[in-house]
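# Examination of the molecular architecture
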Amino acid sequence: MANFDINKYRSMFLEEAQDLFSSLEQILLEAESSGSLDDQTMQELFRDMHTLKGGAASVEYVDFTRFTHELETFLDRLRNHEFAYRPEMADFFLQSLDVMKELMLLESDGAVTPQQYDDITAASLERLQEFVAHTETTPAQNEAFGFFTEPEPQAPSAEAEGGGFGFFDDPEPAESGKKEAFGFFEQAEAPEVAKPTAASAPATPTETGKERVAKKSSMSNTIRVDLGKIENLMNNIGELVIATSMISQFVDSLTDMKLKNSFIEKMDLLERHIRELQESVMSTRMVPMEDIYAKFPKMIRDTAKKLDKNVEFNHFGDSVEIDKAMIEGLTDPLMHIIRNAIDHGIESPEVRVAEGKTEHGTLMIGAEHANGQIIISIADDGKGIDVDRVANKAVERGILSSEQLAVLGHNEKAELIFHPGLSTAEKITDVSGRGVGMDVVKNNITKLGGAVGIKTEAGKGTTITIVLPLTLAILDGLNVTIGDMTVILPLASIVESLQPTAGMIKTVGDGSEELLMLREEFIPVVRLHRYMNIPPKNDTLTEGMLIVVRGGNHKVALFVDEFRNQQQVVVKPLDKNFHNIQGVGGATVRGDGTIGLILDVLGIVDRFKYMGSEAAA
Amino acid sequence: MAKILVVDDSNMLRDMLKFALQDGGYTDVTEAADGEEGLRKAEETQYDLVITDINMPKMNGFELVQALRGKESYAKSPLIVLTTEQSDAMKAKGREAGATGWIIKPFVPEQLLQVVETVLK
């Protein structure tokens, strides 16, 4: 007989539950801000809760089901106008969602003890009781306590008795009657009964499709695919790219020009198809930013409430798509940045009013695509960062010399908050500053191949910008040579390249620090051969090439011998043993089977961005 | 082979139903995610059995049953509703809409198959 793999369904349920929680949160947050809840929205609320309960029961999350059942029953009475809706109920339901999530988490990890259940649910159930007691018109006044749903637990007992279904074929089911878990209606009668009913069917369906409903009821012509399978597909395409470049190299070696040209033509076609294939597989991994945003309103509300602040949350770029593989790595840093903004950025209403600002602070998050990258910005209109305090602290702790400090620009000082061990929170609050600092945020973003920048203005607010590559898997690279070695430079990071004249180079300090003066801008020069310890072909800047690259808000000029061809490469992670090679961020397999190293532009920029900044000042 | 239409807004429950049905040898199972989609699919193809959830967006299970019963092609077809409760109110609504029977959720695969076999006879 059917052998359910309950774990498979559990993970499906957990996934579905996330969508339902988001939908519930959205409804409740709207209800909370408007102070009311219309019938149709109430219906939606009930249905989501009901679906959660039904799903949980099906995968045997009994405690979750039990608690959700209480809420559902209450909602049922609410939608039937047995009670009047009160504005504070939104808060109650929002709190109860947290209880549900906690139960779900516990049950997915194992069983919940009765003690745990009571502890977790007590506050919520007590509030529920109060609502019922306060509004009940025909109260059981003598009872000090009691659950209105308790007496008839349906499913389990019905099952225990052997039922679970029924037929409606006779008005008072005789045989299957008492222990039914399914039932039949009078079948012979059905058509006769049905026709008149159908004719008198109410013309207005109770539901009109609202946007979120339409979105949630993911049509059954979509399928859910394990991300691992897509990753696999992506890897195969990667191998295909490598194999194609092998053929390309072979074609290059052909001497018969006619044959060669004919080959090249077909190879172009093949390469185009592979690129299209890669793009379509990539697109299956793309999800809209709103999937990430959906997690924020509730968190922002909770955080603001805890800190007695008023925060309005705005977002844009909801439909901007991002690689699903990045979401996981991105959500935590974003949460952290947002929490920080509310905790340390946005002022209390009193302070804001005293400073002539609106009582409520504004937090805005946005996303856009630009130059093959995704730019995410998080802006608040709070008090801004006290950059001098941050900078002085950095000097105090020996992170920066006072000379270096003297030449740092305003936003560069602000960037010091990303340095490990620099947290300027005046007191460790329970909201942020739990030892996880902005340096972790930066690390996480760097792991995704991205960069973080910051702009802040005292009294006006702070904007943090995150720049991410569109994908982690394949990139367009430029082959550059340093001595005997050819390395790959990600094309997206290149700003421009030039052969410098002697007048463009300025030397500072003891002569080891060089700057490129380009249109009134001083850009640190990095001699890659020195940094990577490779004997160069030439050591004279004016005889080689300088490639200006950007990482975050900073630029450096990389000195290389020459550059070669452009190539699409499949990024392979470096083995652990090679993680700390200076300047190298990844590797790829070239067409001829050799390994190509990919330059870690962000790392290099980060390392050299302040070089020679005294002269620049 | 009996053609069965399963209507539920939960992807997981559709999958469970489909799995249980296929395990019982009913391999021709079509899914729909809400009442409207269910109705559309039922109009496009004649199914031998429709199993539908009650609480769904757009069109609920009772409305779907009622709409199908109003059609000549489904006037005598077995239409089963999935419910989490077996209250009198549910039964009254089910009967009124013209459903053939009901199955309680969470369902037991054996019972599901028992019901399916009974109505398809």
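Cut-off values and rules
- Residues numbered from 1 in each chain as written.
- Chains lettered and ligands numbered in written order.
- Predicted model: local features only at pLDDT ≥ 70, side-chain atom pairs only at ≥ 80, totals over all residues.
- Heavy atoms only, no water.
- Helix = DSSP H or I, 4+ residues; strand = E, 2+ residues; numbered from the N terminus.
- Buried < 20%, exposed > 50% of the residue type's maximum accessible area, 1.4 Å probe, protein only.
- Contact = heavy atoms within 4.5 Å.
- Areas by Shrake-Rupley, 256 points an atom, 1.4 Å probe, with all protein chains shown as cover.
- Salt bridge = Lys/Arg side-chain N within 4 Å of Asp/Glu carboxyl O.
- Core = buried A, V, L, I, M, F, W, Y, C linked by side-chain atoms within 4.5 Å.
- Pairing = 2+ DSSP bridges.
- Axes fitted to C-alpha atoms, helices over the stretch in contact; angles between N-to-C directions.
- Patch = residues over 30% accessible without salt bridge, like charges linked within 9 Å, V, L, I, M, F, W, Y side chains within 5 Å.
- Phe/Tyr/Trp six-rings, centres within 6.5 Å; stacked < 30°, edge-to-face > 60°.
- Parallel < 35°, antiparallel > 145°, perpendicular 65-115°, else oblique.
- Left-handed = near helix turned anticlockwise from the far one by under 90°.
- Nonpolar A, V, L, I, M, F, W, Y, C, P; charged D, E, K, R; others polar.
- pLDDT = per-residue confidence, 0-100.
- Expected span 1.5 Å × (residues − 1).

### Brief notes about the overall build of chain A
Each helix and strand counted, chain A has 21 helices and 20 strands in total. By the burial criterion, 46% of the 617 residues in chain A qualify as buried. Long-range contacts, defined here as pairs at least 24 residues apart, represent 67% of the contacts in chain A between residues at least 6 apart.

### Description of the overall build of chain B
Scanning chain B from terminus to terminus reveals five helices and five strands. Shown N-terminal to C-terminal, the secondary structure of chain B runs as helices and strands in the order β-α-β-α-β-α-β-α-β-α. Considering chain B as a whole, with its 121 residues, one finds that 68% of them fall into the buried category. Long-range contacts, defined here as pairs at least 24 residues apart, represent 64% of the contacts in chain B between residues at least 6 apart. Of the roughly 4100 Å² of accessible surface on chain B, a fraction of 45% belongs to carbon and sulfur atoms.

### Structural notes on the pattern of salt bridges
Opposite charge on two side chains allows them to pair when their charged atoms are near. All names here are of chain A. A complete count under the given rule lists 34 salt bridges over all chains for this structure. As a salt-bridge pair, glutamate 88 and arginine 86 come within 2.9 Å of each other at their nearest N and O atoms. Glutamate 88 gets classed as partly exposed once you look at its relative accessible area, which sits at 36%. The closest approach of N and O atoms between lysine 305 and aspartate 91, which form a salt bridge, is 2.7 Å. Remark: aspartate 91 occurs in helix H4 (residues 88-109) and lysine 305 occurs in helix H12 (residues 296-306); sequence separation between them is 214 residues. Looking at lysine 305, the relative accessible area reads 44%, which means it is partly exposed.

### Some remarks on the nonpolar core
If you look at soluble globular proteins, the nonpolar side chains tend to sit buried side by side. Counting 71 residues, the largest nonpolar core has Phe13, Phe64, Phe74 and Phe93 of chain A together with Leu21 of chain B as its most contacted members. Considering every element that reaches this core, the biggest residue donor is helix H1 (residues 6-34) of chain A, with 11 residues. Excluding residues within four positions of it along the chain, phenylalanine 93 of chain A makes contact with Leu28, Met49, Leu71, Phe74, Leu75 and Leu78 of chain A. Met289, Ile292, Leu334 and Leu400 of chain A belong to the second-largest nonpolar core, a separate cluster that totals 50 residues.

### Brief notes about the sheet that holds strand E15 (residues 521-527) of chain A
Across a sheet, paired strands are connected by hydrogen bonds in the backbone, their directions being either parallel or antiparallel. Residue and element names in this part refer to chain A. The strand order E12-E16-E17-E15-E14-E13 describes an open sheet built from six strands, whose pairing is mixed. Of all strands in the sheet, those bounded by a partner on one side alone are strand E12 (494-498) and strand E13 (505-508). Averaged over all pairs of adjacent strands, the angle between strand axes in this sheet comes to 35°, irrespective of strand direction. One ladder, built from seven bridges, connects strand E16 (residues 545-551) with strand E17 (residues 554-560); its direction is antiparallel. Residue pairing for E17: valine 549 is matched across the bridge by valine 556. The sheet contacts of helix H20 (residues 601-608) involve E15, E16 and E17, and relative to E16 the element is tilted by about 95°.

### A word on the environment of histidine 69 of chain A
Residue and element names in this part refer to chain A. Relative to the elements of secondary structure, histidine 69 occurs in helix H3 (residues 62-79). Look at histidine 69 and you get buried, because its relative accessible area is 19%. Sequence separation between histidine 69 and alanine 57 is 12 residues, and the spatial gap between their C-alpha atoms is 9.9 Å.

### Thoughts on a nonpolar patch on the surface
Residue and element names in this part refer to chain A. Side chains of Met246, Ile247, Phe250, Leu259 and Phe263 sit close together on the surface and give an oily, nonpolar patch of about 420 Å² of accessible area. Elements that contribute at least two residues to the nonpolar patch include exactly helix H9 (227-252) and helix H10 (257-284). Element by element, the count of residues in the nonpolar patch is highest for H9, at three residues. Assignment of secondary structure puts phenylalanine 250 in helix H9. The partly exposed category is assigned to phenylalanine 250, whose relative accessible area is 47%.

### Re the side chain of aspartate 91 of chain A
Residue class for aspartate 91 of chain A comes out buried when judged on its relative accessible area of 12%. Sequence-distant contacts of aspartate 91 of chain A, defined by excluding residues within four places in its chain, comprise Glu32, Arg127, Arg301 and Lys305 of chain A.

### Observations regarding the packing of aromatic side chains
Residue and element names in this part refer to chain A. By the definition in use, this model includes 10 aromatic pairs over all chains. Centroid distance phenylalanine 74 to phenylalanine 131: 6.1 Å. Interplanar angle 20°. Geometry classified as stacked. Here phenylalanine 74, found in helix H3, pairs with phenylalanine 131, found in helix H5 (residues 114-135); they are 57 residues apart in sequence, far enough to count as distant. Taken together, the aromatic side chains of Phe74, Phe83, Phe92, Phe93 and Phe131 make up a single cluster linked through ring pairs.

### Overview of the packing of H1 of chain A against H4 of chain A
All names here are of chain A. H4 packs onto H1 with a crossing angle of 165° between their chain directions and a minimal axis gap of 9 Å. Judged on the interaxial angle alone, H4 and H1 are roughly antiparallel. Along this stretch, H1 crosses H4, giving a crossing that reads as left-handed. Taking contact as the criterion, the partners of Phe13, Leu14, Ala17, Gln18, Phe21, Leu24, Glu25, Leu28, Leu29, Ala31 and Glu32 in H1 are, on H4, Ala90, Asp91, Phe93, Leu94, Leu97, Met100, Lys101, Met104 and Ser108. Each residue belonging to the contact of H1 with H4 can be placed in one class, and the counts come to 14 nonpolar, two polar and four charged.

### Focus: the confidence of the model for chain A
All names here are of chain A. Here chain A shows a mean pLDDT of 78. Residues at 70 or above account for 81%. At the low end of the mean pLDDT range in chain A sits helix H7 (residues 190-199), at 35; at the high end sits helix H14 (residues 349-354), at 92. Residue range residues 138-162 is modelled with pLDDT below 50. Its contacts to residues more than four positions away, or to other chains, number 29 contacts. In this model residues 170-178 is a low-confidence stretch, pLDDT under 50, and it forms seven contacts with partners more than four residues away in sequence or in other chains.

### Describing unusual backbone geometry
Residue proline 106 of chain B follows lysine 105 of chain B across a cis peptide bond; omega there is -5°. A positive phi is found at glutamate 60 of chain A, a non-glycine position, where the angle reads about 65°. Take glutamate 60 of chain A: it is sitting in the loop between helix H2 (39-58) and H3.

### Remarks on helix H1 (residues 11-23) of chain B
Residue and element names in this part refer to chain B. Along its 13 residues, H1 runs 18 Å from first to last C-alpha, staying within 8% of the 18 Å computed at 1.5 Å per residue. Residues Asn11, Met12, Leu13, Arg14, Asp15, Met16, Leu17, Ala20 and Leu21 constitute the buried set of H1. Downstream of H1 by one or two residues, glycine 25 has phi in the positive range, about 95°.

### A word on the packing of H2 of chain A against H3 of chain A
All names here are of chain A. Direction vectors running N to C along H2 and H3 enclose 155°, while the axes themselves pass 9 Å from each other. Judged by the angle between their axes, H2 and H3 are roughly antiparallel. For the pair H2 and H3, the sense of crossing is left-handed. Between H2 and H3, the contacting residues are Met42, Gln43, Leu45, Phe46, Met49, His50, Leu52, Lys53, Ala56 and Ala57 on the first element and Phe64, Thr65, Thr68, His69, Leu71, Glu72, Leu75, Asp76, Leu78 and Arg79 on the second. Considering only residue class, the contact of H2 with H3 consists of 11 nonpolar, five polar and four charged.

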